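Chain by chain, the residues:
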Amino acid sequence: PFCRRVRELATFLDLELEVYPCPKGSTRNRNEVLRAGGKELFPFLHDLNTGTMLYESADIVKYLLNTYGEGAELPPLLLESTLITGWMPTLLRGGRGIG
């Protein structure tokens, strides 16, 4: 759900992102995040335009709005709605994929 929050804001701002899935229990892309940022925590943003590296979806959302939002305001209920819509598929999968 937290990665979804970032993806939805990027879509709202019409930003181009490279997204690398990091499924729980897999080493795919996790080592790169660990090397780059020092933690195996997701979501992780590495903005190649500014060199900024961030964890935590709320911090990433604020950064993207401030850096690329050109005065845009956070869409109403983005943070709350993505928690609901993001958790629903996770609950239906029995928690698989969290991590």
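Our structure is the block above this text.
Remember, it's a predicted structure, so these values are computed and weren't measured experimentally. (Residues numbered from 1 in each chain as written. Predicted model: local features only at pLDDT ≥ 70, side-chain atom pairs only at ≥ 80, totals over all residues. Heavy atoms only, no water.)

As for the overall build of the protein chain
Here is the rule we go by: Note on conventions: DSSP H or I runs of at least 4 residues are helices, E runs of at least 2 residues are strands, and numbering of each starts at the N terminus. The rule is simple: take the accessible area with a 1.4 Å probe, protein chains only, and divide by the maximum for that residue type; under 20% is buried, over 50% is exposed, in between is partly exposed. Contacts were defined at the residue level, with two residues in contact if any of their heavy atoms lie within 4.5 Å. Each accessible area is a Shrake-Rupley result for a 1.4 Å probe, and residues are judged covered by the shown protein chains and nothing else.
The secondary structure content of the protein chain amounts to four helices and two strands. Walking the protein chain from its N terminus toward its C terminus, one meets helices and strands in the order α-α-β-β-α-α. Burial analysis of the protein chain (99 residues in total) assigns 26% to the buried set. Of the contacts formed within the protein chain by residues at least 6 apart in sequence, a portion of 46% connects residues at least 24 apart. Element-wise, carbon and sulfur atoms account for 56% of the exposed surface of the protein chain, whose accessible area totals about 6,700 Å².

Structural notes on the nonpolar core
How we decide: As used here, the term nonpolar core means buried Ala, Val, Leu, Ile, Met, Phe, Trp, Tyr and Cys residues forming a set that is joined through side-chain atoms within 4.5 Å.
Counting residues in hydrophobic clusters, the biggest one holds nine residues: Val-6, Leu-9, Leu-13, Leu-45, Ile-60, Val-61, Tyr-63, Leu-64 and Leu-65. A total of five residues in this core trace back to one element, the largest contributor, which is helix α3 (residues 57-68). Ignoring sequence-local partners within four residues, the contact set of Ile-60 consists of Val-6, Pro-43, Phe-44, Leu-45, Leu-54 and Tyr-55.

Comments concerning unusual backbone geometry
For the bond running from Phe-42 to Pro-43, omega is 5°, close enough to zero to count as cis. Along the chain, the position of Pro-43 falls in the loop between α2 (30-37) and β1 (44-46). The phi angle at Asn-29 is positive, at roughly 70°, despite the residue not being glycine. Non-glycine residue Glu-56 carries a positive phi angle of around 70°. By the element assignment, Glu-56 lies in the loop between β2 (53-55) and α3. Classification of Glu-56 as partly exposed rests on a relative accessible area of 45%.

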